[in-house]
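Coordinate analysis (summary)
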2 protein chains.
Amino acid sequence: MKVEIIAIGDELTSGRILNTTSGFAARNLFEAGYEIYAMHTIGDSPGLIGEALKRAIGRVDAVIVTGGLGYTDDDLTNEAVSKALNRPTIPNLEILSSIREHLDEITNAPVGELEKLALLPKGAQVLSPHSLMAGYQLIHEDRPIFFLPGVPNQMKQLLVEHVLPTLSTWHKDHHLSTYQTIFRIFNLPEIEVNRRISSLDFPPDVHIGYYPVFPEVHLSLIVRNKKTNNAKKLFRSSSRAICTVLGDAIYGQDRDSMERVVGYLLKKNNFQLAVAESCTGGLICKKLTDAPGSSSYFLGGVVSYANSLKSGYLDIPTKLLNEYGAVSREVAEAMAVGVKKTSCSDIGLAVTGIAGPEGGTEQKPVGTIYIGIATAEENWVTKFRFSGDRWQIRNLTAQSGLDLIRKYLLQQDSGKQQTHF
Amino acid sequence: MKVEIIAIGDELTSGRILNTTSGFAARNLFEAGYEIYAMHTIGDSPGLIGEALKRAIGRVDAVIVTGGLGYTDDDLTNEAVSKALNRPTIPNLEILSSIREHLDEITNAPVGELEKLALLPKGAQVLSPHSLMAGYQLIHEDRPIFFLPGVPNQMKQLLVEHVLPTLSTWHKDHHLSTYQTIFRIFNLPEIEVNRRISSLDFPPDVHIGYYPVFPEVHLSLIVRNKKTNNAKKLFRSSSRAICTVLGDAIYGQDRDSMERVVGYLLKKNNFQLAVAESCTGGLICKKLTDAPGSSSYFLGGVVSYANSLKSGYLDIPTKLLNEYGAVSREVAEAMAVGVKKTSCSDIGLAVTGIAGPEGGTEQKPVGTIYIGIATAEENWVTKFRFSGDRWQIRNLTAQSGLDLIRKYLLQQDSGKQQTHF
């Protein structure tokens, strides 16, 4: 079943806003087994909107249109749809009453303008009539067409709660069983992933794709076969083969993130982590706390951006800072030990380095990074030399720090298993 | 001059990767005065690539195609272009020699496979022959067509360094002078922005657009007139009118960010900031240090995610934590005072709250946030009740904290001006 996605808004074609909703829709539709024929982004122009919509209706099985449903003057989707599909707009009573009901929640809104929200093309079925979210569905030429708001959260909610369930009952494409996953790889270049995977001899039902997603490489495995059992078996054996050749460079699958995998391993080992950050300036702490529930394994830490804070919070002797400089093996180790001790954590992670664009020297160019780890057994420091801009260097540093913790925790795990054995 | 942008890659249509390159291209082209007719995202399918390319060539003045130029099996752009435009692929000698030259930089690359990179459609002019970046230009039916790599950094570099300069000499659309800007607004709902702007009576040459960009609202002002002087005058008077009705809810313009504006004001006042974060877990520090040169006004701080770190690093008495709870006016103030004192900064900013999804109570539901500020003159705490998911609450909190600092610094500024007066 083929789907086409049309995003509408001058803010998207002018690049003022990044279109994230189409990608979200594509991922969810793809994972539910639909083929995305194409995605378009067009401005708030009724002519273009109508043209794109009619062309899509002529060639795919379902269309999703996002944006342009608001009440301001540049919201023109309903008008365009009405004209293109020859469906006059009619005031929707459910929406009108919902607007009046919620009026006090909308500060200073002139009722007359808001009522534009209720003028929908004939045949429109409102998706969530009791909320304040725009969004409706039309059946046109036997195809479902969904109109969703451009506001990302509303669009995502309506897609998951209304569009996907409606589509799944609309038409079932059962002739092929599909199994798929994404392997998430860090610290192995795409070309090396490619080389190792090329050594495996996959049958034609197995489809492999590579996608560099800075700072990671993602490998997609899709297996399609008429027989569910064959597809499942082949998917399992292919997954195993991929894991064998890529080893622990695979840190997770599908929607895993490095920080969640690290969180899972910390929790499993009953360890608490604390972090001291210099050049990453809070990025590692921010990533770790993006995950709900992170307080069970992450205590917090110190953003010792200035040297005075390295001495003040982490007990690093000024002498050490003066002798070796803040960007040094010695200071990275002292920061890791210091944050572990002052926070009473089980593991201390510390990074210090030069993220640029200024601050590099001949001996310590931009991209020079030291990552220190302090544990109950030992402390060690790993030196990196990253290339890229400030954003890239900071992200590579944060991801590498978390990856070092991950590998330490994996060793702890396998050590324990050996002991049990 | 109309431009169409085509992004190619299964990773984009499946939603595995967010298409950021098209938005970047659109913004830069728009700012250089081009009209973006449409943007398309299609999979690695030669048929679709050819169809989209031919349709674009038939209706716009220039086309930009990104992605699918690599050497792996799923990179099919050159093959598709060759077929669609009837231009056989020919090995490009410059690229071949560049590949051989850089071979040792590309780990484990089989030369045979890499040579695919050099097979370009007839007439292709390589954009950056001495680098390892794919990318070329074709003149077809009197229109420039640019093929750029999908890798965001390479694409961005080639766009700025080659595509924009080439386009600017290609064709000049001089009949209208255009002046434009984006006003960035925080802490004022879109509907209220709309209401205030509606009170202004702009002439037809003035175009206003609104764009909610969580957690901000962006307002675009575009003025077009045949006479440069008229356009300039009208742009200035319109800008002034907008600033008058929106006041200090406008925190910046165009590519400003809240953290950079705060950084600029800190530097101007010669103040150093330190931050203590609980629920935002490092996000504020991370935002502040995203800006190069932030070390001149930002010392760092403490991510006191666990209560033990609030006592340990920030000298907050356990009694206070026990009596009022970590999420309280009293603790927010103590954190701000504590981080200011322990870091020896001029200003201390502290946030504590419940970002969710767990941890809310009836008295302190998810979204309850206290933001404390400590300065030389006084300390104060502002309470917020945000709604949204964890990501939204954390971002609203970080942005609000920075905005409070911004408003304090603006007062300092105007206070100084009054004194001078």
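As shown above, the structure is provided for reference.
Keep in mind it's a predicted model, so treat the numbers as computed, not measured.

Looking at the overall build of chain A
Along its length, chain A carries 15 helices and 17 strands. Seen through its principal axes, chain A has C-alpha atoms that stretch 80 × 60 × 40 Å. Counting the 421 residues in chain A, one finds 56% classified as buried. For chain A, long-range pairs separated by at least 24 residues make up 67% of all intrachain contacts whose partners lie at least 6 apart in sequence. Accessible surface computed for chain A: about 18,100 Å², of which carbon and sulfur atoms make up 50%. Across chain A, 43 positive and 45 negative side-chain charges occur, with their mean positions spaced 6 Å apart.

What about the sheet that holds strand 14 (residues 298-303) of chain B?
Spatially, 10 strands are ordered 17(A)-16(A)-15(A)-13(A)-14(A)-14(B)-13(B)-15(B)-16(B)-17(B) in an open sheet, and the strand pairing comes out mixed. The strands lining the two open edges of the sheet, one partner per strand, are strand 17 (379-385) of chain A together with strand 17 (379-385) of chain B. When strand polarity is set aside, the average angle formed by the axes of neighbouring strands in this sheet is 15 degrees. Of the pairings in the sheet, the one linking strand 16 (residues 368-374) of chain A to strand 17 of chain A comprises seven bridges and is antiparallel in character. If you follow I369 of chain A over to strand 17 of chain A, its bridge partner there is F384 of chain A. Sitting on the sheet, helix 11 (residues 283-290) of chain A is in contact with strand 13 (273-277), strand 14 (298-303) and strand 15 (347-353) of chain A together with strand 14 of chain B, with an inclination near 150 degrees to strand 13 of chain A. Helix 14 (residues 329-343) of chain B contacts strand 13 (273-277), strand 14, strand 15 (347-353), strand 16 (368-374) and strand 17 of chain B of the sheet and is inclined by roughly 145 degrees relative to strand 15 of chain B.

Let's talk about the interface of chain B and chain A
If you look at the interface, chain B gives 80 residues, while chain A gives 81 residues. Interface area, chain B with chain A, both sides summed: about 6,300 Å², of which 57% is carbon and sulfur. The tally of links from chain B across to chain A stands at four salt bridges. Our enumeration of links across chain B and chain A arrives at 33 residue pairs in polar contact (both at pLDDT 80 or more). Across the side of chain B that touches chain A, the residue classes break down as 37 nonpolar, 27 polar and 16 charged.

Structural notes on the relation of the copies chain B and chain A
Once turned by 180 degrees and shifted 0.0 Å along the axis, chain B lies on chain A with an RMSD of 0.1 Å. Considering both components of the superposition, the chain copies are consistent with a two-fold axis. In this assembly, 100% of the residues forming the interface of chain B have copies in chain A that are likewise at the interface, indicating an isologous arrangement.

A word on the nonpolar core
Grouped together as the largest cluster of nonpolar side chains are 74 residues, with contacts concentrated most on I347 of chain A together with I347 of chain B. Those residues in contact with I347 of chain A that sit more than four places away from it in its chain are L266, F271, Q272, L273, A274, I373, A374, T375, I405, Y408 and L409 of chain A. Judged by nonpolar contacts, the second largest core, of 68 residues, contains I42, I57 and I99 of chain A together with Y37 of chain B.

The rules behind the values
- Residues numbered from 1 in each chain as written.
- Chains lettered and ligands numbered in written order.
- Predicted model: local features only at pLDDT ≥ 70, side-chain atom pairs only at ≥ 80, totals over all residues.
- Heavy atoms only, no water.
- Helix = DSSP H or I, 4+ residues; strand = E, 2+ residues; numbered from the N terminus.
- Buried < 20%, exposed > 50% of the residue type's maximum accessible area, 1.4 Å probe, protein only.
- Contact = heavy atoms within 4.5 Å.
- Areas by Shrake-Rupley, 256 points an atom, 1.4 Å probe, with all protein chains shown as cover.
- Lys, Arg positive; Asp, Glu negative; His and termini not counted.
- Charge placed at Lys NZ, Arg CZ, Asp CG, Glu CD.
- Pairing = 2+ DSSP bridges.
- Axes fitted to C-alpha atoms, helices over the stretch in contact; angles between N-to-C directions.
- Buried area = accessible area lost by both parts, 1.4 Å probe.
- Salt bridge = Lys/Arg side-chain N within 4 Å of Asp/Glu carboxyl O.
- Polar contact = N/O pair within 3.5 Å; in protein donor to acceptor, adjacent residues only side chain to side chain.
- Nonpolar A, V, L, I, M, F, W, Y, C, P; charged D, E, K, R; others polar.
- Least-squares fit on C-alpha atoms with pLDDT ≥ 70 in both.
- Core = buried A, V, L, I, M, F, W, Y, C linked by side-chain atoms within 4.5 Å.

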